[in-house]
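# Summary of structural features
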Amino acid sequence: MAQETYKKWDICHNPAPIPIRAFDWMATHRDYEAWTEDGVWVSNGLCVHAPNRKELLEAIDEWELENA
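Rules of the game
Per chain, residues are indexed from 1 in the order of the written sequence. Selection of residues for local features in this predicted model requires a pLDDT of at least 70, selection of side-chain atom pairs for listing and counting requires 80 or more, and totals for whole chains, interfaces and linings are taken over all residues. Excluding hydrogens and water, the side-chain values take into account all heavy atoms of the structure. Here a helix means four or more residues in a row that DSSP labels H or I, a strand means two or more in a row labelled E, and each is numbered from the N terminus. A helix's residues, less one, multiplied by 1.5 Å, set its expected span. The classification of residues rests on relative accessible area computed with a 1.4 Å probe and restricted to protein chains. Under 20% of the type maximum is buried, over 50% is exposed, and intermediate values are partly exposed. Each C-beta atom gives one direction from the helix axis, and the arc is the one those directions make. Identification of polar contacts relies on pairs of N or O atoms within 3.5 Å, with a donor-acceptor requirement for protein atoms, meaning one able to donate a hydrogen and the other able to accept it, and with residues adjacent in sequence counted only if both atoms are side-chain atoms. Each Phe, Tyr or Trp ring (for Trp, its six-membered ring) is paired with any other whose centre lies within 6.5 Å, and the angle between the two planes then decides the class: stacked below 30 degrees, edge-to-face above 60, tilted in between.

## A short note on helix α1 (residues 53-66)
What sets the pattern is the α-helix's 3.6 residues per turn: residues three or four places apart point alike. Given a rise of 1.5 Å per residue, 14 residues ought to cover 20 Å, and the 20 Å separating the end C-alpha atoms of α1 matches this to within 8%. Among the residues making up α1, those that are buried are L56, L57 and I60. Projected onto a plane normal to the axis of α1, the buried residues spread over an arc of 100 degrees and lie on a single side. Exposed and oriented more than 90 degrees from the buried face of α1 are K54, L65 and E66. Measuring from the side-chain oxygen of the N-cap residue of α1 to the backbone nitrogen of K54 gives 3.3 Å; that N-cap residue is N52.

Structure follows, in structure tokens:
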């Protein structure tokens, strides 16, 4: 599993053994938090997924523009 950092986001490339590629790349912000409420997984939304590195970096930039 490869790992790098872009801005304040930790990037991970970890393709699952499934045919869907949309979640091969994931980035979590350093302030990312997740927990369960009544058995349901929830988070503060500081996580993005993409099928490739280029689209992941674009998703991070877009997230930051929308949430600045």
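Resuming the write-up.
## Things to note about the side chain of T28
Topologically, T28 is positioned in strand β3 (residues 25-29). Accessibility expressed as a relative area gives 17% for T28, which makes it buried.

## Quick look at the packing of aromatic side chains
Inspection of the entire model under this criterion finds one aromatic pair. Judged by centre distance (5.4 Å) and plane angle (75 degrees), the ring pair of W9 and W63 falls under edge-to-face. A residue pair is termed long-range when its members are at least 10 positions apart, and W9 in strand β2 (residues 9-13) and W63 in helix α1 qualify at 54 residues.

Treat this as a map of the structure, not an account of what it does.
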